[in-house]
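# Breakdown of the fold
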Amino acid sequence: MKYWISASQRFDSKQSKFKSYNLLFNQIENEFHYFLRANFTDLNKIRSSEIRDYLLNKNKPIEEVYLIDAIIDFYQNDILNDRDKAKETKKNYKKSINHFCKFLSYSRLKKLHIDQFKRTHANKFLNYLKHPNDKFGKVALKGQSVNSVIKNIKPFFAKLQQEEVISINPFDGVRATQKHTHKPRLTNKDFKRIADLDFSENSKLDVYRDLFLFICFTGLSYCDATDLRYEDIKNGYFHIYRKKSNVSTKQYLIKQSKEIVLKYKGMTPEDRILPKRSLDKLNFNLKIITIKAGINYNVTSYSARRFFRQSIHESGIREGLVVKTLMGHTRSSDMDSHYFLVDEPILNEAKKRLQKHFKKLLK
């Protein structure tokens, strides 16, 4: 609120998001003055709630609601208030909806009502995402990114379809072709090069290296690893639900990951077992770490999760349900999940195999 000016009831900032807020306030103020003029002789009969509903378009029939207003409202009420969605997931929704709103503005569709958006508009949005526009400083997105954006827009129209506002979801079947590129996997030798780096005089890189190694040892996603707390671990064992998918994952910590936990004991706020760093900073500093290790391909936090999956295989763990339990993958479609229990003795055996495997790698 440091940019808020009470006298003008506006934000005093050149940042784009504050400019958009001010434009919204201008629109609401104009609507308010229009309402006053139109109802000047009957103001004593009008309740404040009626004015509020008018300004928020709550009095309008559903077919008169502008699409751009409805999707912003969807983000504010359905996405932001969803406790099951991780912070990063909400950020991705926001980025996707921003793309959609810019498309509506660019295509002069800001006055389009929610029931007027058709398949042809959806295809135009796909092409808008795929192609650059130098005039507006817009870059082209790759197929995978385009599909990620569309994936986050579809739930809005699915909700409208469920509420019988529209008959079909205009984004059903709309998908960009993806060019599959081979991403180099972190090798055992390169993993050891990273682990063997001496950061005794560089505590900053040491922290990022430890975060990366912990994910290599556990297979947890970045957000699950950095949100893990001491209360989640009982006798070296944890059972949590992944923030991204709400799928259960459980395992025993191996000796190598325990050493990292003990290294930061009593040094982290909120009872976290690891220092909290942003994902962007982690991936940025991993670039520096890999350069120092003589690695000439891109390594990210996701590389660490993939490395753990490879380590499971190399440890001789083959049972599908055990693998899915360690990785936090869904098991709902597996018939064996109704009959086979992945209990603590089985996970303890998996821990021993993984611990032996990593001990051999780090010799």
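## Re the confidence of the model for the protein chain
- Summing up the model confidence of the protein chain, the mean pLDDT is 89 and the portion of residues at 70 or higher is 95%.
- Predicted confidence in the protein chain is weakest over helix α2 (residues 48-55), with a mean pLDDT of 77, and strongest over helix α7 (residues 188-196), with 97.

## Details of helix α12 (residues 301-314)
- Spanning 14 residues, α12 covers 20 Å between terminal C-alpha atoms, matching the ideal 20 Å at 1.5 Å per step.
- Taken together, the buried positions of α12 are Ser301, Ser303, Ala304, Arg305, Arg306, Phe307, Phe308, Ser311 and Ile312.
- At the C-terminal side of α12, Gly316 shows a positive phi close to 90°.

## Describing the pairing of strand β4 (residues 237-241)
- In the sheet, strand β3 (residues 233-234) pairs with β4 via two bridges, with the strands oriented antiparallel. The residue bridging Lys234 from the neighbouring strand is Tyr237, located in β4.
- Two elements, β4 and strand β5 (residues 248-252), share five bridges in a ladder whose sense is antiparallel. If you follow Tyr241 over to β5, its bridge partner there is Ser248.
- Linkage of β4 to β5, two consecutive antiparallel strands, is achieved through a turn of six residues, within which Asn246 is found at a positive phi near 60°.

## Describing the packing of helix α1 (residues 16-38) against α2
- Packing of α1 against α2 leaves a shortest axis separation of 10 Å and a crossing angle of 130°. One way to sum up the angle between α1 and α2 is to call them oblique. Here α1 runs over α2; the crossing is right-handed. Where α1 approaches α2, its residues Ile28, Glu31, Phe32, Tyr34 and Phe35 are matched on the opposing element by Ile51, Tyr54 and Leu55.

## Focus: the nonpolar core
- One finds Leu186, Phe191, Phe212, Phe214 and Leu326 to be the most contacted residues of the largest nonpolar core, which totals 56 residues.
- Beyond its immediate stretch of four places on either side in the chain, Leu326 contacts Thr218, Thr249, Lys250, Gln251, Phe308, Ile312, Ile317, Leu347, Ala350 and Leu354.
- If you look at the next biggest cluster of nonpolar residues, it comprises 34 residues, including Ile71, Tyr128, Val149 and Leu160.

## Comments concerning unusual backbone geometry
- Phi is positive for Asn235, which is not a glycine, with a value near 55°.
- Position of Asn235 relative to the elements: it lies in the loop between β3 and β4.
- Its identity as a non-glycine residue notwithstanding, Glu270 has a phi of 60°, on the positive side.
- Its location among the elements puts Glu270 in the loop between α10 (255-263) and α11 (279-292).
- Overall, Glu270 belongs to the exposed group, its relative accessible area being 52%.

Each value, and the rule that gives it
- Residues numbered from 1 in each chain as written.
- Predicted model: local features only at pLDDT ≥ 70, side-chain atom pairs only at ≥ 80, totals over all residues.
- Heavy atoms only, no water.
- pLDDT = per-residue confidence, 0-100.
- Helix = DSSP H or I, 4+ residues; strand = E, 2+ residues; numbered from the N terminus.
- Expected span 1.5 Å × (residues − 1).
- Buried < 20%, exposed > 50% of the residue type's maximum accessible area, 1.4 Å probe, protein only.
- Pairing = 2+ DSSP bridges.
- Axes fitted to C-alpha atoms, helices over the stretch in contact; angles between N-to-C directions.
- Parallel < 35°, antiparallel > 145°, perpendicular 65-115°, else oblique.
- Left-handed = near helix turned anticlockwise from the far one by under 90°.
- Contact = heavy atoms within 4.5 Å.
- Core = buried A, V, L, I, M, F, W, Y, C linked by side-chain atoms within 4.5 Å.

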